[in-house]
Amino acid sequence: MTAGDGSAVDLDALLNEIEGHLLVDAARAEARTAAAELAAGLGLLTEAEREEFVRRFTERYLALSRTSWQRTARRGEELRAQYETRYRQLRQRLLGCALLGCALALGTVLVALSAG
């Protein structure tokens, strides 16, 4: 796939960016809904105060969501690194066992041939 200027487009990166925008938009809608519900219970607010409350609540909610997402992403990266390290160790161990098995089989064949 190419962009309008002829350069190649990384489809995975594009999809990730679109997903990110959709997640932020969903979080923003959740924040506005929660703020509006909370503001409705505060009957003493003027319309301007209610709008300011909703705006500030939404900003704070999005900041907290962003922090949570970043923490989750960091933890995912840590787990991935741990998994890759463990996988590499297991693969090396399996290769060692396979080589040892081949050596033992070859030794057995050589002993059998020399005895026969």
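Anyway, here's the lowdown on the structure attached to this text. Note that the structure is a prediction, hence the values are computed from the model and not measured. (Residues numbered from 1 in each chain as written. Predicted model: local features only at pLDDT ≥ 70, side-chain atom pairs only at ≥ 80, totals over all residues. Heavy atoms only, no water.)

A few words on the overall build of the protein. Each helix and strand counted, the protein has two helices and zero strands in total. By the compact-globule yardstick of 13 Å for 116 residues, the protein is too spread out, its C-alpha radius of gyration being 30 Å. Taking the principal axes of its C-alpha atoms as reference, the protein extends roughly 100 × 45 × 15 Å. Taken across its 116 residues, the protein has 7% of its residues classed as buried. The contacts in the protein between residues at least 6 apart in sequence include a share of 39% that link residues at least 24 apart. Accessible area of the protein: about 9,600 Å², with a carbon and sulfur share of 61%. Computed over 15 positive and 16 negative side-chain charges, the inter-centroid distance for the protein is 11 Å. (Helix = DSSP H or I, 4+ residues; strand = E, 2+ residues; numbered from the N terminus. Rg over C-alpha atoms; globule rule 2.2 N^0.38 Å. Buried < 20%, exposed > 50% of the residue type's maximum accessible area, 1.4 Å probe, protein only. Contact = heavy atoms within 4.5 Å. Areas by Shrake-Rupley, 256 points an atom, 1.4 Å probe, with all protein chains shown as cover. Lys, Arg positive; Asp, Glu negative; His and termini not counted. Charge placed at Lys NZ, Arg CZ, Asp CG, Glu CD.)

With that settled, the discussion passes to the packing of aromatic side chains. The tally for this structure, following the rule as stated, stands at three aromatic pairs. Between the aromatic rings of Phe57 and Tyr61, the centroid separation amounts to 6.4 Å while the plane-to-plane angle is 25 degrees, which identifies the pairing as stacked. With Phe57 and Tyr61 both in helix α2 (residues 47-115) and four residues apart, this pair spans about one turn of that helix. Taken together, a centroid distance of 6.2 Å and an interplanar angle of 20 degrees make the contact between Tyr83 and Tyr87 stacked. One end of the pair is Tyr83 and the other is Tyr87, both in helix α2 and four residues apart, which spans about a single turn. Grouping aromatic residues by their ring pairs yields a cluster made of Phe53, Phe57 and Tyr61. (Phe/Tyr/Trp six-rings, centres within 6.5 Å; stacked < 30°, edge-to-face > 60°.)

Attention now moves to α2. With 69 residues, α2 ought to run about 102 Å at 1.5 Å a step, and its terminal C-alpha atoms sit 100 Å apart, in line with that. If you check which residues of α2 are buried, you get Val54, Thr58, Leu62 and Ser65. For α2, the secondary structure elements touched by its buried residues are α1 (11-40). (Expected span 1.5 Å × (residues − 1).)

Moving on, we come to a nonpolar patch on the surface. A contiguous nonpolar surface patch, about 450 Å² in accessible area, is contributed by Leu11, Leu14, Leu15, Ile18 and Leu22. Its location among the elements puts Leu22 in helix α1. Among the residues examined, Leu22 registers a relative accessible area of 57% and is labelled exposed. (Patch = residues over 30% accessible without salt bridge, like charges linked within 9 Å, V, L, I, M, F, W, Y side chains within 5 Å. Salt bridge = Lys/Arg side-chain N within 4 Å of Asp/Glu carboxyl O.)

In this fold, Ala34 is placed in helix α1. Given a relative accessible area of 27%, Ala34 falls into the partly exposed group. Once the C-alpha coordinates of Ala34 and Ala105 are considered, the two residues, 71 residues apart in sequence, prove to be 69 Å apart.

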